Every structure is written in structure tokens, then in C-alpha cells.
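Remarks on the overall topology
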Amino acid sequence: MPRLPGSALALIYLAVCMTPVALAATRIVAPLDAWEAGAAALGLAGLTAMAVQFVTSGRFGIVSGRLGIDKIMAFHKIAARWVLLGLLLHPFLYVLPTWLDDPALGQERFLAYLTSPHYRSGVVAMGALLLLVLSSLLRDRLPWRYETWRASHVVLGTLAMVAGLHHALTTGRFSAAGLVEGFWWLAALGIAVVLGILYGWRWFLLHRRPWRLASVQKVADRMWELDIQPAPHNPAWPYEAGQFVWMTVGSRRFPLFDHPFSIADSPSRAGLSLIIKEAGDFTRTVGSLEAGVAIGIDGPYGDFVLPGDEAQSVVLLAGGVGIAPIMGLLRDMVARRDPRPVRLAYAVGSPANFACLPEIEAAGRVLDLRVLLVSEEAGEGWTGLVGRLDQKRLGELLEGLDAKRTVALMCGPGPMVTAVSDTLLDLGLPMDHVVYERFDYGGGVSSRQDRRRSLQLAGIGAALAAAVGLLALFIG
């Protein structure tokens, strides 16, 4: 599939969301107050934006291929909030003219919207959407298993969309017939196809093309490396070092039960290697998996890959289990005998968390490699550096490299990624040359790159709001 750049995706997003509003402008209806026209436009654009959320979850390469999981998930979360805001404003703007003239009558009219059977599907859609967004914001605080939360996300999203489409088709003055009605039926068909691909076709492929666990090896404290090989008659598929896959195990080979893991391997080797740390309900069992168990693999995904020849040197940075994709990149560079200078910084909480150190040392005999190992805590037998990856240590690691022609790839926990990415900018690396993936897709302190991305996403939301406002004036 083609991989579209972010600017093209932003334009397509705006065009798709505004399509029903533009189609509504071609219909002749009873005159609308300006606020009512705005309410109608918000409802049309908001419902379309909700439908688009089904394809911005990182599972479609045409959308996420050149953006990476960080950017896609940031957009998915921010877009969900402006969809919720727009659809919450939808009924309020309808009653605002009445409320301005007569507050009591406006309140009565608003309660009628909430309680009348005629508008019930709209209320159901709004309630499902509100629960979906709140449960996502509070996911880490809810006493739910990850799989339970994901299932609720799918159910609530589908319920909100189906009820929203029913509301538009049965109560919308622009949607009752004509081009807008046809657009909603196409949207419903599109969502059915997306769900069929995600939970039907991909379920079929997980069973039609199984993989097998060849071995499990402990590589650090509560950290395991899985060697996964394709079963007979399962054709190998290409990937790039640093990408990730979604994995399921045994009889639970269904997309709702899969988990994302970075590939810690080179495409030059048959099969896949995954380095996984025990950190949750599923991962704490990986060390006890038996060789031969069926594995479901869906992928590859992501753009956390080695730069081309335009990068004169490469800096690899890992925090904790973030070593997984970094080992994939390093192993691939070793397999290809990459002649470029490579600098590797690896930080962990305690010395027992270091993984693959003998292999990293051996890579230095093939590559122009310098390694910086740092543990936050001292430990028995550890004589290396203690502390964090600060500017002084990173500056020493980068000595002799042309910062403007150096690309850094980093994976680790959010706080580390945020701090180190800003430090690399201070050391002279261009922002576009600092590429990272992290385990949390937002929250906490943001980096300069995060803030720039947030401004870009806010720009998309502002452009959508402006377009809705202009077309609302035209409709009115």
C-alpha cells in the first residue's frame, strides 16, 4: 500500500470531514438561524470525524506508514476530544437562539431533545462517546484488564457510530434524502469494512498463517527474548529493522487479545526475535511459554527504522526494555556491516536490567561503535556509570560527529524520551533528525518535539473549525 506523508493525510482528513457539510450546502431547506446552521454543520462534520477515528488507530499502513505510532496515537487521542466537544455543542447550539429569547423555553426545548424518543439514538450516541473518551483518559486508573478495556473501546465506538448514523438519518434535516443520505450509507459501509478487516480478515490470517515459538531465553531481570519462526507453508513477509508487530498466543489468536512488541531482529535472519519485559497481565507469562506454542503475528507496523545514506552517522538510545527495537537496528547494521559511525547509549534502572551486553560488545568488532552504559542505581559488581543520560555524557558520546548529519533513534519510557530528545536538540541535532518511540503516547511532561506536534494537530482542528464555521454561514 502507498504511504502518504502527514501533510497529504491532513488535507484528506479535512476534505473527508467537510464532505457532508459541503453536500448539505447544496440542499434547499427551511431557513435556519445562524446558530442552528452551526449546530447542523458541527453535527455533520463531527459524526464524520468520529467515523474517521476507526482508521486512525495505527493498524492501516496507508495512514501510519510514514508517521509512526507516536504521531498516529497522538492524533487519535486529540481528535477524539474535538469530536466529543463538537458533538456536545451540537444540541446546545440548536437551542441557543430560543434560550437567548426565553431561557425557560430554551431549557424546556433542550430537555425535550434529551428525553424525546425521536432523539433517543442521538442521546445514546453521545453517552457512548462520552464513556469511551472518559474510559480512555482514565485507562490507567480503571481496575480493568487491558483486553477488557480494548473490547469496551470497540463496543462503545461502534455503538456511538451506529446510533449517531441512525440519529442523522432519522432526524437530520439535511440527511433525510439526497447526497447527504448517500454519504452516510457509504460511511456505514466503510466502517463495516474496517471492522471486518480488523476483526474478521485479520483473525483469519492469524490462524491461516500461524507462527511457532522456537525458544524463550532470559536476557535480563524479568526480561525475555522470544525466537518466533513461521510455521510450514507460512510465507515470510518483509519488514524493516525497528518496526513492531502485534502478537497473540495459543487459542487467544484474536485481534482483541494482541499486544504490540518491537522486533529485535534483522530482516537478514529467518523468523522474528522479540524482547519482552514482564510488566502486566500478559507479559508476566511470557517466560513460561513452551516451545512449539502457536503464535499469531500481525504486522509489520511503524517507521522507527534506520535512515538512508543521507545520515552520516547514527545514534541509538535505549531506556529499559526500549533496547528491543534498538537491538533490531544494531543487529541489522552488523548484518549489513554498515560503515557509518554508530553511538549507542543504554540506560536502565539497575544493573540487573541490562540485556544483550555481550552481543553489544561483539558488535564493536564489526561496526565503528562506541557504547555508553548508565544505571540509575549502583548494584553489586557494577563498576560503570551511575546516574542518567545527561547533556555532559551525551555530548561526550557524540564527540567527533557532525550533529547536522547525525540521526538519533530512541526508544524508552516517556520521561527519559522527553528529557533526552530535548538534550539532543541542545547538542545541535535538527529536530527532524531525532526520532523516538515510547511506551506511553502522551501525558506528563512534553518535549519540544511534542509541543511542535501538538501545535500541528491543533492547526488541523482549527482549520476544521474554521471550515465548519464558513460553511455554516453559507448554509444559514
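Counting restarts for each chain: residues are numbered from 1 in the order of the written sequence. Reporting in this predicted model follows two pLDDT cut-offs: at least 70 for local features of residues, and 80 or more for side-chain atom pairs to be given and counted; totals over whole chains, interfaces and linings ignore these cut-offs and use all residues. By convention in this description, side-chain values take in all heavy atoms of the structure and omit both hydrogens and water.

1. Side note on the sheet that holds strand β5 (residues 272-277)
Selection rule: Note on pairing: two strands pair once DSSP finds at least 2 bridges between them. Strands are runs of DSSP state E lasting at least two residues, helices are runs of H or I lasting at least four, and both sets are numbered from the N terminus onward. Interaxial angles span 0 to 180 degrees and are taken between N-to-C directions of axes, which are lines fitted to C-alpha atoms, for helices over the stretch in contact.
If you walk across this open sheet you meet the 6 strands as β4-β3-β6-β1-β2-β5, and the pairing is antiparallel. Whereas interior strands pair on both sides, the edge strands pair on one side only; in this sheet they are β4 (259-262) and β5. Here the strands of the sheet are splayed against their neighbours by 40° on average, with no regard to which way each runs. Where strand β1 (residues 211-220) and strand β2 (residues 223-230) come together, 8 bridges link them in antiparallel fashion. Counted as the bridge partner of Ala220 is Met223 from β2.

2. As for the packing of helix α1 (residues 6-24) against helix α8 (residues 178-208)
To be explicit about the condition: Oblique is the label for every angle not falling under 35 degrees (roughly parallel), over 145 degrees (roughly antiparallel), or within 65 to 115 degrees (roughly perpendicular). Here a crossing is taken to be left-handed if its near helix is turned anticlockwise relative to the far helix by less than a right angle, and right-handed if that turn runs clockwise. Residue contacts are defined here by distance: any two heavy atoms, one from each residue, within 4.5 Å place the two residues in contact.
Axis separation between α1 and α8 bottoms out at 7 Å; the angle between their running directions is 155°. Comparing the axis directions of α1 and α8 gives the class roughly antiparallel. Pair α1 / α8 crosses with left-handed handedness. Note on element contacts: α8 touches α1 through Leu179, Val180, Phe183 and Trp184, opposite Val16, Thr19, Pro20, Leu23 and Ala24.

3. Here's the deal with the environment of Leu213
Assignment of secondary structure puts Leu213 in strand β1. Taking C-alpha positions, Leu213 is 35 Å from Leu137, a pair spaced 76 residues apart along the chain. With sequence-adjacent residues up to four places away left out, Leu213 is seen in contact with Leu226, Asp227, Ile228, Leu289, Glu290, Ala291, Gly292, Val293 and Ile295.

4. Concerning unusual backbone geometry
Comment: phi is negative for the bulk of residues other than glycine, and the bulk of peptide bonds are trans. The line we're drawing: Here's how the labels work: a residue is buried when its accessible area is under 20% of the maximum for its type, exposed when over 50%, partly exposed in between, all with a 1.4 Å probe on protein chains only.
Going from Gly299 to Pro300, the amide bond is cis rather than trans, its omega being 0°. As for its placement among the helices and strands, Pro300 is situated in strand β6 (residues 294-301). With a phi close to 55°, Arg222 is a non-glycine residue in the positive phi region. By the secondary structure assignment, Arg222 is in the loop between β1 and β2. Arg222 sits in the partly exposed class, given a relative accessible area of 36%.

5. Notes on the nonpolar core
Under the convention used in this document: The nonpolar core is taken to be a set of buried Ala, Val, Leu, Ile, Met, Phe, Trp, Tyr and Cys residues, with the residues joined through side-chain atoms within 4.5 Å.
In terms of nonpolar packing, the biggest core is built from 61 residues, with Tyr13 and Trp184 touching the most fellow members. Those elements that provide at least two residues to this core are α1, α2 (34-52), α4 (68-101), α5 (103-115), α6 (120-137), α7 (146-171), α8 and α13 (448-475). For Tyr13, the contacting residues outside a window of four places in its chain are Ala49, Val52, Phe75, Ala79, Trp82, Ile460 and Leu464. The next biggest cluster of nonpolar side chains, apart from the first, holds 34 residues, and it includes Phe304, Leu316, Leu330 and Ala363.

6. Focus: a nonpolar patch on the surface
For clarity, the cut-off: For patches, a residue must show more than 30% relative accessible area and have no salt bridge; joins then use 9 Å for like charges and 5 Å for nonpolar side chains, namely Val, Leu, Ile, Met, Phe, Trp and Tyr. Under the convention used here, a 1.4 Å probe and the Shrake-Rupley method define accessible areas, while residue burial counts only the protein chains that appear. A pair is scored as a salt bridge if a Lys or Arg side-chain nitrogen falls within 4 Å of a carboxyl oxygen belonging to Asp or Glu.
Together, Leu130, Leu134, Leu137 and Leu138 make up a nonpolar patch on the protein surface, roughly 320 Å² of accessible area in all. Among the secondary structure elements, Leu138 is positioned in the loop between α6 and α7.

7. Digging into α2
For clarity, the threshold we go by: By this rule, a helix spans an expected 1.5 Å times one less than how many residues it contains. We call two N or O atoms a polar contact when they sit within 3.5 Å, provided that within protein one can donate a hydrogen and the other can accept it, with sequence-adjacent residues counted only if both atoms are side-chain atoms.
When the terminal C-alpha atoms of α2 are compared, their 27 Å separation across 19 residues agrees well with the 27 Å that a helix rising 1.5 Å per residue should span. Burial analysis of α2 places 17 of its 19 residues in the buried class, which makes it a mostly covered element. Among the residues of α2, the N-terminal cap falls to Asp33, whose side-chain oxygen and the backbone nitrogen of Trp35 are separated by 2.7 Å.

8. Notes on the side chain of Thr48
Structurally, Thr48 can be placed in helix α2. Classification of Thr48 by relative accessible area gives buried; the value is 4%. Residue contacts for Thr48: discarding those within four places in its chain leaves Val16, Cys17, Pro20, Phe183 and Trp184.

9. Details of the pairing of strand β7 (residues 313-319)
A regular strand places its side chains on the two faces of the sheet in alternate fashion. Most of β7 is tucked away: 7 of the 7 residues are buried. When β7 meets strand β11 (residues 406-412), the two strands line up parallel, connected through 6 bridges. Considered in β11, the bridge of Val314 is made with Val407. As judged from the 6 bridges shared by β7 and strand β8 (residues 341-348), these two strands associate in the parallel manner.

10. Comments concerning the packing of aromatic side chains
Worth spelling out the cut-off: Two rings from Phe, Tyr or Trp (for Trp, the six-membered ring) form a pair when their centres are within 6.5 Å of each other. A pair whose planes differ by under 30 degrees is stacked, one over 60 is edge-to-face, and the rest are tilted. For a lysine, the NZ atom is tested; for an arginine, the CZ atom; a charge sits over a ring if that atom is within 6 Å of the ring centre and within 35 degrees of the ring normal.
Under the defined criterion, the tally for this structure stands at 17 aromatic pairs. Here Phe244 and Tyr301 contribute two aromatic rings whose centre-to-centre distance is 5.9 Å and whose plane-to-plane angle is 35°, an arrangement assigned as tilted. Residue Phe244 is found in strand β3 (residues 244-249), and its partner Tyr301 is found in strand β6; the two are separated by 57 residues along the sequence. Phe244 gets classed as buried once you look at its relative accessible area, which sits at 6%. For the cation-ring pair, Arg139 lies above Trp149, with the distance from its terminal atom to the ring centre recorded as 4.9 Å. Here the basic side chain of Arg252 rests over the ring of Phe257, its NZ or CZ set 4.2 Å away from the ring centre.

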